[in-house]
Amino acid sequence: MFRSQVGREAEALLLPPGGARPRRWADRTFRGALTAPGLVVVLLVAWIAVELTGAAMPAIRRFGPAFLWTSRWDPVHNVFGALPFVYGTIASSVLAVVIGVPISLGVAIYLAEIAGARTARLLSCLIELVAAIPSVILGLWGIFVLAPWVRTVVEPPLAAVLGWLPLFSGPAYGIGLLAAGIILAIMVIPVVSSVSRDALRAVPQEQREAMYALGATRWEVIRHAVLPYGRSGIIGAIILGFGRAFGETMAVTMVIGNRPQIAPSLFQPAYTIAAALANEFSEATSDLYLSALVEMALVLFAVSLLVNGAAQWLVSRMTRA
Amino acid sequence: MITPARTARRRLVTDRVMTALFLAAIVVAVAPLVSVLGYIVAQGVSGITWAFFTRLPAPVGEGGGGMANALVGTLTLIALASCVGVPVGILGGLFLAEIGGGALGWWIRFTADVLNGVPSIVVGVFVYALVVVPMKRFSALAGGIALGIMMIPLVMRTTEEMVRLVPAALREASLALGIPWWVTTLRVTLRAATAGVITGVMLAVARIGGETAPLLFTAFNTQYWQAGWDQPIASLTVQLYNYAIAPYDDWHRQAWAAALVLMAIVLVLNVAARAAGRPRSLGG
Amino acid sequence: MTTLRNQALSDALARAEPAGSVGAWRLRVERLHAYFGRVHAVRGLSIAIAAHRITAIIGPSGCGKSTFLRCLNRMHEVVPGARVEGRVYLDGEDIYAPYVDPVTIRRRVGMVFQRPAPFPTMSIYDNVAAGLRLAGVRDRRRLDEAVERSLRQAALWDEVKDALGKPGTSLSGGQQQRLCIARALAVGPEVLLMDEPASALDPASTSKIEELARTLRETLTIVIVTHNMQQAARVSDNTAFMLAGELVEYGPTPQIFTRPGDHRTEDYVTGRFG
């Protein structure tokens, strides 16, 4: 009696939830029933790749890799080069990172190193709510609030002081690359700040104390001990933010001006891949036109795989260490 | 002797300045939220009328009209998406938490995170090629599938996290009673994690309810009540987008009203999710 | 009770007077209380630490000895919710006076922690130079000199002189701890606080650290917290026994270990204490 009970308990311990080898057929079936949905995500990603590649094939065959660096986008004559869209996508995302990352790091440092636990929780909540604003609402706000503000408040002084740089030359439109960069920065900040906050929190207290014990001020502790230790997590966060920015569609479409051009000035309108898809996909008249659009979607997809893969790897390395 | 030297004072000042800058970053990060909410309320309230919730959109120039069909459409799409996303997400999350310790689990977790980062417009293009092209028409079904795909990784990862919070002792106690593993997982583990899983689903719903890009060429849009699962369907977000970029003041007013309703739904879901997730009591 | 303890304390102080240097106290602590939120970790502790001596603080875990140590260079307040009352005089000046900057105190009272924590992104050289660089020293020659001197003092120079550019984390555990000692010495502190510096190390590294402490005594005042009574007996000149946040007994090490005046001390040093 006693022996059997002990035996059963031992068996339960030897067969933990991750049980090496459920013996009953029901357990085995259940195992399969859980594994299949898990595999669905893997299947989906592969399927997306196959489906998009297939649909993009006509354009890939017709234009080859030059698709990415020629800039004639002419649906009437069925000639498609994606360079203006590639440029707009990269430029707006880089702008978002340039504007958003310093702010995100400031937020992350404040939350992880300075604010008390309760304040940090409240502020984290507010910043998560920024991430919860639907993109299309941010776009609406962008059209009617942000763009006029950029046109009247941001661009004139920038032009007055830095107008000699081509980057800040020309008339103030409001709608354009700068407005897109700002709105993307707003969307990127919650992601970058929360991931880097976690990276900073993962820094062992000993590192901070060792720096304090050398007579460092709090800023010096952050600068010389905390930030260097958490750097791979922070880099992961930035890459993740970049990934979030370049695939973003609605808000950008609504404020970037949607003009396929490569202008030197940030005040000028531009066009992104995602915006082109949103505007032109359901109106694509020829098969080749549609195929060219799908090829751009494929580019977005491929870059998102690379960027997110790299970021996940960096962040997980940080939290595992 | 313990008087701060010049460098020490400079370091102290730098410290204070940096602290002030970090605080400023918080203000800058939260300011858009305040501004967006403020404008939505200020601009949207006047558009919230009985007609907004009960009438179909009116043709240009006619004035009046509402977004009843878009509101119902959004709810329909969320329901369709949940049929896809919730079961797959929860079971997949159970897999990750219960038996996903090995290499396969690592890959699935990794792919789920990557899928979560795939731009929503790309999911739209995929579902277009997958569903819209063979059916030769935009449809509610296609929209629901697109949103459902986006839901899967969201629900999966939160479910995993919540199930992991269930103490091992609870599982072991059940297994030690001779209850099979599959019954234990469903009746004990999953039940203990119910509040958390519901939180995850609500957050996922809040997220996809605000999506526009994947619907543009799957669910498309319509000015009428939906005619069936294989017909185009209206949604608050697409309607909002169309109204916002149109040149009519009356439509802009309706767009702000739609934004107010949508934001309210998203906020309520977020707050409710937090409330549901808070009591982590594992009793029942 | 209070008078009795004060009596015991003054007796202990009298006994602890280092021969030949009467009144050479480096640190004097008066009625020190330390709190973590609601936890009262150090309860009205008074003690005087002799210059150029090694003072060991012993006691069961949770008795507040580490907290007490961290009050001596104002490290305690780095932890959120921590609070200190009472006075700590460093060479006669109150380090808790409102005008005193904790940063300057920490340069004069260095600290070595339980687990070696070299900065992983810095080389061995940069680890040692970190404190000086914070203080604004940029002159390469001065830094070179200070790094070599500190590494020699920490008995690590011969092992790492050809690998100064390697990351500090590439060293073994014992070497890392000596690197941390060198790092603390580089800024030229008057007092070195050691919080169980050898508890994470193997016996060979432990004896190296102990040896090192004995040599450093020539130039520094050392306060060492340890749960290892043999270690306290081996290295220290004076020993203080703490229990539940209070100082039970303080005196010359041989006396504490052979003829303790308090039965609780006796119970503890003879191993009869829980």
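Refer to the structure above for everything that follows.
This is a predicted model, so every value here is computed, not measured.

What counts and how
Residues numbered from 1 in each chain as written. Chains lettered and ligands numbered in written order. Predicted model: local features only at pLDDT ≥ 70, side-chain atom pairs only at ≥ 80, totals over all residues. Heavy atoms only, no water. Pairing = 2+ DSSP bridges. Helix = DSSP H or I, 4+ residues; strand = E, 2+ residues; numbered from the N terminus. Axes fitted to C-alpha atoms, helices over the stretch in contact; angles between N-to-C directions. Contact = heavy atoms within 4.5 Å. Polar contact = N/O pair within 3.5 Å; in protein donor to acceptor, adjacent residues only side chain to side chain. Parallel < 35°, antiparallel > 145°, perpendicular 65-115°, else oblique. Nonpolar A, V, L, I, M, F, W, Y, C, P; charged D, E, K, R; others polar. Buried < 20%, exposed > 50% of the residue type's maximum accessible area, 1.4 Å probe, protein only.

*Asks:* Could you give me a rundown of the sheet that holds strand E6 (residues 109–112) of chain C, with the residues and numbers involved?
*Replies:* All names here are of chain C. Here we have 6 strands laid out as an open sheet, ordered E6-E7-E8-E3-E9-E10, and mixed in their pairing. For this open sheet the edge positions go to E6 and strand E10 (246–252), each flanked by a neighbour on one side alone. On average, adjacent strands in this sheet sit at an angle of 20 degrees to one another, irrespective of strand direction. When strand E7 (residues 191–195) meets strand E8 (residues 221–225), the two strands line up parallel, connected through 5 bridges. Each residue of the ladder has a partner; that of Asp195, found in E8, is Val225. Where helix H7 (residues 173–186) meets the sheet, its contacts fall on E6 and E7, and the angle it forms with E6 comes to roughly 170 degrees.

*Asks:* Can you tell me about the sheet that holds strand E4 (residues 82–90) of chain C, naming the residues and giving the values?
*Replies:* Residue and element names in this part refer to chain C. Taken in spatial order, the 4 strands line up as E2-E1-E4-E5 in an open sheet, and their pairing is antiparallel. With partners counted over all chains shown, the strands left at the sheet margins are strand E2 (39–50) and strand E5 (93–94), one partner each. In this structure, strand E1 (residues 25–36) lies alongside E4, joined through 8 bridges in antiparallel fashion. Residue pairing for E4: Glu30 is matched across the bridge by Arg87.

*Asks:* Hey, could you go over the environment of Thr76 of chain B for me, with residue numbers and the actual values?
*Replies:* All names here are of chain B. With respect to the element layout, Thr76 can be found in helix H3 (residues 68–99). Distance from Thr76 to Leu141, taken between C-alpha atoms, is 9.9 Å for residues 65 residues apart in sequence. In contact with Thr76, other than residues within four places in its own chain, are Gln226 and Ile233. Within the local environment of Thr76, its side chain forms a polar contact with the backbone oxygen of Val72, the two atoms lying 2.7 Å apart.

*Asks:* Just give me the short version of the packing of helix H5 (residues 135–162) of chain A against helix H1 (residues 6–44) of chain B, but keep the residues and values in it.
*Replies:* For the pair H5 of chain A and H1 of chain B, interaxial distance at closest approach is 10 Å and the crossing angle is 85 degrees. Viewed along their axes, H5 of chain A and H1 of chain B adopt a mutual orientation that is roughly perpendicular. Of H1 of chain B, the residues touching H5 of chain A (which contributes Ile137, Leu138, Trp141 and Val145 of chain A) are Pro32, Ser35, Val36, Tyr39 and Ile40 of chain B. Tallied by class, the residues present in the contact of H5 of chain A with H1 of chain B amount to 8 nonpolar, 1 polar and no charged.

*Asks:* With reference to specific residues and values, describe the pairing of E2 of chain C.
*Replies:* Residues and elements named next belong to chain C. E2 sits mainly inside the fold: 9 of its 12 residues count as buried. As paired strands, E1 and E2 are joined by 8 bridges and run antiparallel to one another. Residue pairing across strands places Ala34 opposite Val42, the latter belonging to E2. Where E1 folds back onto E2 in an antiparallel hairpin, the turn is made up of 2 residues, including Gly37, whose phi is positive at roughly 55 degrees.

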